Amino acid sequence: MNQIIKGFSKLTRDEKIEVLSKHFHFPKHFCEILETYRHPTRQELFDDFAENTLSNFYLPFGVAPNFLIDNKMYVVPMVVEESSVVAASSRAASFWADNGGFKTTIHNTLKKGQIWFKWNGPKSFFSDMPTGLEEMLREAVAPLTTNMEMRGGGIRSMEVIPLKGQYGIFQLQVNFETVDSMGANFINSCLEEMKEPLLKFFNTNQDFKQYGNTQIIMAILSNFTTECLATSTVECPIDALEVISAGMKPVEFAQKLKQATDIALADTSRAVTHNKGIFNGIDAVVIATGNDFRAVEAAGHAWAAKDGFYRSLSRCEITENSTFKMEVTLPLALGTVGGLTRLHPMAALSLELLGNPSAPQLMGIAAAAGLANNFSAVASLVTTGIQKGHMKLHLSNLLNSLNATSEEKEAAMGYFKNRTVSALGVKKFLRREE
Ligand code: MEV
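Small disclaimer: the values here were computed from a predicted structure and weren't measured.

Before going further, it helps to examine helix H13 (residues 359–381). Between its first and last C-alpha, H13 extends 33 Å over 23 residues, near the 33 Å set by a 1.5 Å rise per residue. With 19 of 23 residues buried, H13 lies mostly within the body of the structure.

Here it is as structure tokens:
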């Protein structure tokens, strides 16, 4: 039935479920499952995070210990459903903790917003900001920026930029410092507040008006946060790699790690998977700390394509004095105040676990987690392959999906200790195959 449900968001939760059940003939267990995953005491808080909340969606909250980052030891919280991610992170963290740890550099923390407008005049008008415009706009948003300025942030600069290849379309780019907040709401509020005064400025100023009226198209932050960049690096003497090289000679292992990374720098199909391995670590931290993983992903992938084609976000180097080096650099617009960061009890807990870091510190931690996962993944790929470890960790998922009892699980764990895990193999072992 393709019937439209009108006014759904206005209904109470019970009414929503009733309407859905009627329209789609939901089975009885639908309601039971929704009920099971509701929080017994704090559900109202979760209901308010988003519209039409019916229940909660659980994901594992795990930790990767032994992360030595800028000489400080962290236990890194990770929220991720893929069985091997926390293990991969922990493995790399332990190795690098013995070898100097992760070093991080935060290049900048600026973010930008754009007000797009149509104006039919020449772009030469904007080689400098029109006199008085910036002051007037700053004044118009002063009630919004005062607080941020007290925290050391605010509007840093503005410029008008023509849209490449199209006459008569421009953006006012506003550069913001949002200190420890990701700042999306702050930036968007400022931009929207600027629309009216910007329009008035152009439409009442004879120099601009002679080319006709200006029209605002839209105002929104840019998630391409190229001025909010973090780098994480690791390095060690090649010989130190022996403990993690799965029997391979350390020098051969280092060369293979470099070859694999160089391939991801040159080949987009490989680069996407290689970067997925980096985001395994980054997203898990970003989600655990209540940050916006869609924004981080969008910026990261655009950054990966900044040279004109999509390539690896990490690089590997072997120096003449036999040092192995690896680094990752990417935009990471993260916050440690605002948004859900303090409101979501588990995000607040994650930040506490990390010692309540500043936004730049959190950027460094996320970048280190990305590099850790990347190092671990590529180390497995060039030695044993990933499936052995991955399937071992996935064994419990297979057992659960086959409703194995605790006795069966224990027996299976023993049986598959030194055997290859596969869905069919587990089915056979449990005698579940038809
Ligand atoms: C799996 O989640 C991630 C990897 O595919 C990353 C990679 O190939 O580098 C192992």
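The principal kink in helix H14 (residues 387–401), of about 40 degrees, is found at His 394. Taken residue by residue, H14 has His 390, Met 391, Leu 395, Leu 398 and Leu 399 as its buried positions. Turning to H14, the residues buried within the fold contact helix H15 (406–415) and helix H16 (423–429). Once H14 ends, the next one or two residues include Asn 403, with phi positive near 55 degrees.

The next subject is the side chain of Thr 53. Its location among the elements puts Thr 53 in the loop between helix H3 (43–47) and strand S1 (61–69). By relative accessible area, Thr 53 is classed as buried at 18%. Looking at Thr 53, its side chain comes within polar contact range of the main-chain oxygen of Asp 47, at 3.3 Å. A distance of 2.9 Å separates a polar side-chain atom of Thr 53 from the backbone oxygen of Ala 50. Beyond its immediate sequence surroundings of up to four residues, Thr 53 is in contact with Arg 13, Gln 43, Phe 46 and Asp 47.

Approximately 1400 Å³ is the volume found for the largest pocket. Taken together, 40 residues line the largest pocket, and the ones lying closest to its centre are Phe 49, Ile 287, Gly 290, Leu 340 and His 344. Those elements giving two or more residues to the lining of the largest pocket turn out to be helix H7 (184–204), helix H10 (268–288), helix H11 (293–304) and helix H12 (345–353). Considered as a void within the structure, the second largest pocket measures approximately 610 Å³ in volume. Together, 28 residues line the second largest pocket, and Ser 84, Ala 88, Ala 377, Ser 380 and Ile 386 are the ones closest to its centre. Elements that contribute at least two residues to the lining of the second largest pocket include exactly helix H4 (85–97), H10, H13 and H14. Here the residues of the lining of the second largest pocket sort into 9 nonpolar, 14 polar and 5 charged.

Enumeration according to the criterion identifies 30 aromatic pairs in this entry. These aromatic residues form a ring-pair network of at least three members: Phe 117, Trp 119, Phe 125, Phe 126, Phe 170, Phe 201, Phe 202, Phe 208 and Tyr 211. Over the ring of Phe 8 we find Lys 16; its NZ or CZ atom is 5.9 Å from the centre of that ring. Sitting above the plane of the Tyr 415 ring, Arg 419 keeps its charged end 3.9 Å from the centroid.

Taken domain by domain, the protein holds domain 1 (1–58), domain 2 (61–107 + 228–384), domain 3 (110–222) and domain 4 (390–430). Just the C-alpha atoms count here: the centres of domain 2 and domain 3 sit 35 Å apart. Counting the surface lost from both domain 2 and domain 3, the interface buries some 610 Å², and carbon and sulfur atoms represent 61% of this. Among the residues domain 2 hides against domain 3, the three largest losses belong to Cys 228, Ala 333 and Val 337. Together they make up 53% of the total. Where domain 2 packs against domain 3, one counts 0 salt bridges. For the pair domain 2 and domain 3, the number of links is 3 residue pairs in polar contact (both at pLDDT 80 or more). Tallied by class, residues from the side of domain 2 that touches domain 3 come to 7 nonpolar, 4 polar and 1 charged.

What describes two packed helices is the angle between their axes and the distance between those same axes. Between H14 and H15, the shortest axis-to-axis distance is 11 Å and the interhelical angle comes to 145 degrees. Seen from above, H14 lies across H15 with right-handed handedness. In contact with Leu 395, Ser 396, Leu 399 and Asn 400 of H14, H15 contributes Lys 409, Ala 412 and Met 413. Each residue belonging to the contact of H14 with H15 can be placed in one class, and the counts come to 4 nonpolar, 2 polar and 1 charged.

Looking at the ligand, the residues that line it are Glu 82, Arg 270, Thr 273, His 274, Lys 276, Gly 277, Asn 280, Ala 377, Leu 381 and Ile 386. Arg 270 has a polar side-chain atom sitting 2.8 Å from an oxygen atom of the ligand. Between the ligand and Lys 276 there is a distance of 2.7 Å, counted from an oxygen atom to a side-chain nitrogen or oxygen. In isolation the ligand exposes 300 Å². Once the protein is present, 87% of that is buried. At a threshold of 2 Å from the grid points, most atoms of the ligand map onto the second largest pocket. Counting residues per element, the ones that place at least two in the shell around the ligand are H10 and H13. Ranked by residue count, the leading element in the shell around the ligand is H10, at 6 residues. A breakdown of the residues in the shell around the ligand according to their chemical character gives 3 nonpolar, 4 polar and 3 charged.

Paired through their backbone hydrogen bonds, the strands of a sheet run either parallel or antiparallel. Taken together, 4 strands build an open sheet; the order of strands is S5-S6-S4-S7 and the sheet is antiparallel. Here the strands that pair on one side only, and so sit at the sheet edges, are strand S5 (154–162) and strand S7 (215–222). Between one strand and the next, the sheet's axes are offset by a mean angle of 20 degrees, whatever the strand orientation. Packed on one face of the sheet, helix H5 (residues 133–140) meets S5 and strand S6 (169–177) and runs near 135 degrees to S5.

Criteria and cut-off values
Residues numbered from 1 in each chain as written. Predicted model: local features only at pLDDT ≥ 70, side-chain atom pairs only at ≥ 80, totals over all residues. Heavy atoms only, no water. Helix = DSSP H or I, 4+ residues; strand = E, 2+ residues; numbered from the N terminus. Expected span 1.5 Å × (residues − 1). Buried < 20%, exposed > 50% of the residue type's maximum accessible area, 1.4 Å probe, protein only. Bend = angle between axes of the 7 residues up to and from the residue. Contact = heavy atoms within 4.5 Å. Polar contact = N/O pair within 3.5 Å; in protein donor to acceptor, adjacent residues only side chain to side chain. 1 Å grid on protein atoms, 1.4 Å probe; cavity = no way out; pocket = protein on both sides within 12 Å on 5 of 7 lines; lining within 4 Å. Points joined across faces, edges and corners; volume = space filled by probe spheres on them. Nonpolar A, V, L, I, M, F, W, Y, C, P; charged D, E, K, R; others polar. Phe/Tyr/Trp six-rings, centres within 6.5 Å; stacked < 30°, edge-to-face > 60°. Lys NZ or Arg CZ within 6 Å of the ring centre and 35° of its normal. Domains from an automatic or database assignment. Buried area = accessible area lost by both parts, 1.4 Å probe. Salt bridge = Lys/Arg side-chain N within 4 Å of Asp/Glu carboxyl O. Axes fitted to C-alpha atoms, helices over the stretch in contact; angles between N-to-C directions. Left-handed = near helix turned anticlockwise from the far one by under 90°. Near = heavy atom within 4 Å. Areas by Shrake-Rupley, 256 points an atom, 1.4 Å probe, with all protein chains shown as cover. Sits in = over half its atoms within 2 Å of the grid points. Pairing = 2+ DSSP bridges.

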